[in-house]
Amino acid sequence: MKDKTDRIISDYINGRTQAKIKAIESRYIYRVKQDNLGIRTAYKGTADPEGNTLDKERMEEDKELIGLRRTLELLGALYNTLTVSEKRIIELRYKGYNGYTWYRVAMELESAGIDIPIKRAKKIYFAFKEDVSRVL
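Residues numbered from 1 in each chain as written. Predicted model: local features only at pLDDT ≥ 70, side-chain atom pairs only at ≥ 80, totals over all residues. Heavy atoms only, no water.

Some remarks on the overall build of the protein
Here comes step 1: Helix and strand content of the protein: seven helices and zero strands.
Here comes step 2: Listed N to C, the secondary structure of the protein is α-α-α-α-α-α-α in terms of helices and strands.
Here comes step 3: When contacts within the protein are restricted to residue pairs at least 6 apart in sequence, long-range pairs at least 24 apart make up 67% of them. (Helix = DSSP H or I, 4+ residues; strand = E, 2+ residues; numbered from the N terminus. Contact = heavy atoms within 4.5 Å.)

Some details on helix α6 (residues 102-111)
Here comes step 1: Buried residues of α6: Trp102, Val105, Ala106, Glu108 and Leu109, and no others. Down the axis, α6 shows its buried residues gathered within 165° of arc, on one side only. Away from its buried face, by an angle of more than 90 degrees, α6 presents the exposed residues Tyr103, Glu110 and Ser111.
Here comes step 2: On the buried face of α6, the contacting elements are α5 (84-93) and α7 (118-135).
Here comes step 3: Following α6 by one or two positions, glycine 113 adopts a phi angle in the positive range, close to 90°. (Buried < 20%, exposed > 50% of the residue type's maximum accessible area, 1.4 Å probe, protein only. Arc of directions from axis to C-beta.)

Considering the side chain of threonine 5
Here comes step 1: Topologically, threonine 5 is positioned in helix α1 (residues 4-13).
Here comes step 2: Take threonine 5: its relative accessible area is 12%, and that puts it in the buried class.

Details of the side chain of aspartate 62
Here comes step 1: Turning to its location among the elements, aspartate 62 is positioned in the loop between α3 (48-61) and α4 (63-80).
Here comes step 2: Here aspartate 62 is buried and forms no salt bridge, its nearest opposite-charge partner arginine 27 lying at an N-O distance of 4.3 Å.
Here comes step 3: Once you skip the residues sitting within four places of it in the chain, aspartate 62 turns out to touch Ile24, Arg27 and Tyr28. (Lys, Arg positive; Asp, Glu negative; His and termini not counted. Salt bridge = Lys/Arg side-chain N within 4 Å of Asp/Glu carboxyl O.)

Some thoughts on the pattern of salt bridges
Here comes step 1: A complete count under the given rule lists 10 salt bridges for this structure.
Here comes step 2: Its salt-bridge partner being arginine 69, residue glutamate 25 comes within 2.5 Å of it at the nearest N-O pair. Pair noted here: glutamate 25 is in helix α2 (residues 16-29) and arginine 69 is in helix α4, with a separation of 44 residues, a long-range link.
Here comes step 3: Between arginine 104 and glutamate 108 there is a salt bridge, and its shortest N-O distance comes to 3.2 Å. One end of the pair, arginine 104, and the other, glutamate 108, are both in helix α6, four residues apart, so they sit about a helical turn from each other.
Here comes step 4: Each of the salt bridges in this network shares a partner with another, and the network as a whole consists of Arg7, Asp11, Arg16 and Lys20.

So, the nonpolar core
Here comes step 1: Among the nonpolar cores identified, the biggest contains 22 residues, and Ile9, Ile13, Tyr79, Ile89, Ile90 and Phe128 are the most heavily contacted of them.
Here comes step 2: Broken down by element, this core gets its largest block of residues, five residues, from α7.
Here comes step 3: The residues contacting isoleucine 89, other than those within four sequence positions of it, are Trp102, Leu109, Ile116, Ala121 and Ile124. (Core = buried A, V, L, I, M, F, W, Y, C linked by side-chain atoms within 4.5 Å.)

Digging into α5
Here comes step 1: Buried within α5 are the following residues: Ile89, Ile90, Leu92 and Arg93. Projected down its long axis, α5 shows its buried positions confined to an angular sector of 165°, all on one face.

What follows is the structure, encoded as structure tokens:
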């Protein structure tokens with residue numbers, strides 16, 4: 001799980017990519033005016049509507065935000081093409097920060113009524129990972 005592709009997929013599956021996008025957006029949308037020693041003299045030099053427009057323009061030009069949105073869009077497109085059982089394999093493998101071992105994945109699949117051997121699960125996993133690395 002030390003590969004960059006693994007980290008990107010894990011962040012997508014666990015919702016960390018969406019959380020990063022929300023954090024960056026809120027950093028621009030809910031910008032707080034700075035007070036100087038508690039005195040109400042904080043002035044950005046622009047009116048509030050103009051400042052909000054400038055913040056939105058800066059948000060649209062943010063390279064990190066653009067990259068995260070692109071990643072989210074591409075991974076969503078690839079992930080939605082998988083079947084339900086394939087999605088379950090990917091989710092279990094990337095669950096949490098380290099993911100489940102293959103034996104735990106097989107055990108969880110069996111308890112859910114999905115009969116897929118470990119070898120086939122690994123093949124699905126590596127095929128998805130290869131597709132993601134090609135797209136990104």
